[in-house]
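Examining the three-dimensional arrangement
Spelled out from the first residue to the last, the chains are:
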Amino acid sequence: MSERRARTEHHPRWLRPRMSTYWWLRRRRHLTFILRELSSVFVAWFVLYLLLLVRAVNEGAAAYARFLEWSGHPVVLVVNVVALGFVTYHAITWFNLAPKAMVVRLGGRPVPAVLVAGSNYAAWAVVSAALAWLLLGG
Amino acid sequence: MSDTIKMQVARYRPEENAELTFDEYEVPCPREWVVLDGLNHIKDEIDGTLSFRWSCRMGICGSCGMTVNGEPKLTCATFLGDYGSGPVRVEPLANFPVVRDLVVEISDFMRKLTSVKPWIVRDEEKPLSEGEYLQTPAELEAYKQYSMCINCLLCYAACPIYGLEPEFIGPAAIALAQRYNMDTRDEGAAERHDILSEHAGIWGCTFVGECTRVCPKHVDPAGAIQRYKLTAALETVKAFVVPWSAK
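Conventions we followed
Residues numbered from 1 in each chain as written. Chains lettered and ligands numbered in written order. Predicted model: local features only at pLDDT ≥ 70, side-chain atom pairs only at ≥ 80, totals over all residues. Helix = DSSP H or I, 4+ residues; strand = E, 2+ residues; numbered from the N terminus. Rg over C-alpha atoms; globule rule 2.2 N^0.38 Å. Buried ≥ 20, exposed ≤ 12 C-beta atoms within 10 Å, placed from the backbone. Contact = placed C-beta atoms within 7 Å. Pairing = 2+ DSSP bridges. Axes fitted to C-alpha atoms, helices over the stretch in contact; angles between N-to-C directions. Nonpolar A, V, L, I, M, F, W, Y, C, P; charged D, E, K, R; others polar. Expected span 1.5 Å × (residues − 1). Arc of directions from axis to C-beta. Domains from an automatic or database assignment. Parallel < 35°, antiparallel > 145°, perpendicular 65-115°, else oblique. Left-handed = near helix turned anticlockwise from the far one by under 90°. Core = buried A, V, L, I, M, F, W, Y, C linked by C-beta atoms within 7 Å.

Section: the overall build of chain A
Counting its secondary structure elements, chain A contains 4 helices and 2 strands. N-terminal to C-terminal, the α/β element order of chain A is α-α-α-β-β-α. Its C-alpha atoms give chain A a radius of gyration of 23 Å, more than 25% over the compact-globule value 14 Å for 138 residues. Along the first, second and third principal axes, the C-alpha atoms of chain A reach 75 × 50 × 25 Å. The proportion of buried residues among the 138 residues of chain A is 3%. Counted over contacts in chain A with a minimum sequence separation of 6, partners at least 24 positions apart contribute 40%.

What to know about the pairing of strand β5 (residues 88-91) of chain B
All names here are of chain B. Here strand β1 (residues 4-11) pairs with β5 via 3 bridges, running parallel. Looking at β5, one finds that Gln 8 is bridged to Arg 89. Pairing analysis gives 2 bridges linking strand β3 (residues 65-68) to β5, with the strands arranged antiparallel. Bridging from a neighbouring strand, Thr 67 pairs with Glu 91 of β5.

Focus: the interface of chain B and chain A
You'll often see interface size given as the accessible area lost when the parts meet. The interface of chain B with chain A comprises 24 residues on the first partner and 21 residues on the second. Every element with two or more residues in the side of chain B that touches chain A is listed here: β6 (98-100), α5 (160-164) and α9 (221-241) of chain B. Top element by residues in the side of chain B that touches chain A is α9(B). It accounts for 6 residues.

Observations concerning the packing of helix α1 (residues 28-59) of chain A against helix α2 (residues 61-71) of chain A
Residue and element names in this part refer to chain A. Between α1 and α2, the shortest axis-to-axis distance is 5 Å and the interhelical angle comes to 145 degrees. Residues Leu 52, Leu 53, Ala 56, Val 57 and Glu 59 of α1 lie in contact with α2, whose contacting residues are Ala 63, Tyr 64, Arg 66 and Phe 67. Here the contact of α1 with α2 is built from residues that sort into 7 nonpolar, no polar and 2 charged.

Description of helix α1 (residues 35-46) of chain B
All names here are of chain B. Given a rise of 1.5 Å per residue, 12 residues ought to cover 16 Å, and the 15 Å separating the end C-alpha atoms of α1 matches this to within 8%. Those residues of α1 that fall on the buried side of the exposure criterion are Val 35, Leu 36, Gly 38, Leu 39 and Ile 42. Mapping the buried residues of α1 onto a view down its axis gives an arc of 160 degrees, with all of them on the same face. Residues of α1 that are exposed and point more than 90 degrees away from the buried face comprise Asp 44 and Glu 45. Looking at the buried side of α1, the elements it contacts are β1, β2 (21-28), β3 and β5.

So, the domain arrangement of chain B
Residues and elements named next belong to chain B. Domain annotation for chain B reports domain 1 (4-104) and domain 2 (107-245). Centre-to-centre separation of domain 1 and domain 2, based on C-alpha positions: 31 Å. Facing 12 residues of domain 1, the contacting portion of domain 2 comprises 12 residues. Elements represented by at least two residues in the side of domain 1 that touches domain 2 include exactly β3 and β4 (71-74).

A word on the packing of α1(A) against helix α3 (residues 74-101) of chain A
Residues and elements named next belong to chain A. Where α1 meets α3, the closest approach of the two axes is 8 Å, and the angle between their N-to-C directions is 120 degrees. If you check the angle between α1 and α3, you find them oblique. Where α1 crosses over α3, the handedness of that crossing is left-handed. Here Arg 36, Ser 39, Phe 42, Val 43, Trp 45 and Phe 46 of α1 lie close against α3, whose contacting residues are Ala 83, Phe 86, Val 87, Tyr 89, His 90 and Thr 93. Its residues assigned to classes, the contact of α1 with α3 shows 8 nonpolar, 3 polar and 1 charged.

Regarding the sheet that holds β3(B)
All names here are of chain B. The sheet built from 5 strands is open, its strands ordered β2-β1-β5-β3-β4 with mixed pairing. Strands with a single pairing partner mark the edges of an open sheet, and in this sheet they are β2 and β4. On average, adjacent strands in this sheet sit at an angle of 35 degrees to one another, irrespective of strand direction. Where β1 and β2 come together, 8 bridges link them in antiparallel fashion. Bridged to Ala 10 within β2 is Phe 22. Sheet strands touched by α1: β1, β2, β3 and β5. Its angle to β2, the strand with the most contacts, is close to 95 degrees.

A word on the nonpolar core
Residues and elements named next belong to chain B. Membership of the largest hydrophobic core comes to 66 residues, with the highest contact counts inside it found for Val 90, Leu 154, Cys 155 and Ile 174. Here this core takes 7 residues from helix α6 (residues 171-181), the largest share from any one element. Looking at which domains feed residues into this core, each of domain 1 (4-104) and domain 2 (107-245) supplies at least three. Residues in contact with Cys 155, not counting those within four places in the same chain, are Pro 171, Ala 172, Cys 211, Val 214, Cys 215 and Pro 221.

Comments concerning the pairing of β3(B)
Residues and elements named next belong to chain B. On β3, burial covers both faces: Gly 65 and Thr 67 on one face and Met 66 and Val 68 on the other are all buried. Of the pairings in the sheet, the one linking β3 to β4 comprises 4 bridges and is antiparallel in character. Residue pairing across strands places Thr 67 opposite Pro 72, the latter belonging to β4. Here β3 folds back onto β4, and the loop between the two strands holds 2 residues, one of which, Asn 69, carries a positive phi near 45 degrees.

Structure follows, in structure tokens:
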């Protein structure tokens, strides 16, 4: 206990119940919060995966083929599917946070939170569609 | 609805027992009775040794915050009838040291609150002869929500970050700092920035969002913290790009 929390002469004794290590399992809201925190590990994994891809492309056709073969390995596939789920969850919580962090005013009136979050989702959809067009159809 | 309801009330009597224990009481349960009425009935009619804080009975003073069936609540605004046939379990607010029964020690919060200077800071006071500092309704609206805070500490009890890291300055103190930062009459934002942008300040918050959910006055401390994160991040970028603008 830090010195700033020291007992005083007025309160010579007190009780400080400690938080259980498993406090986050008791409520669904806390569990979803911890899962959101955990999602950052998978975000880091995707960054690493992207860097490995860039390195493979840089090293030539043979290295790229090896990377693709490694990516097709069942373990890597499962990790990537789980990571995609977590990263999507991370993105959703991020976009839902936007109206909390930004209070947008238009013509002197605050823009409703739904519109602030909605514009983020719309931008997400547009960028995803553009990338899909570029990679698949373009 | 039954005529009475069972209340399980946490007791901490340091001279008798080093642990929290529970006493059970049967109290009347008229439609209009809140948990605080039940506690006052116990104190007046059954067991005068029970200790708890309360004052206004109308959600203004912020004294009667307690944990009711696991949730931080203002006991003056929580109806006994909402708990059906009971029992209603009343415990002290979580995350604070308990000094007796339902009374918690809050000087940690009081210190943190003053550290963010929750008052109007002026570089220079204008002379009285120039009159009041006027504000438009829109300028009032910008901070009014945060000014509704009654320091009841339900947000601290709901915040797992504060429970795990007692150094965290906490939801209400940050919301109240924002209340003054956003006030057009105030010039103290730079002074508050140093405290708020520390690790134990806004960056301690990982946006669990529980503070906003439990706030009985709809202050939205989580929103205040996320907004200030954006402000602080922009300040840092500004200080990096145009270092001569630093205060």
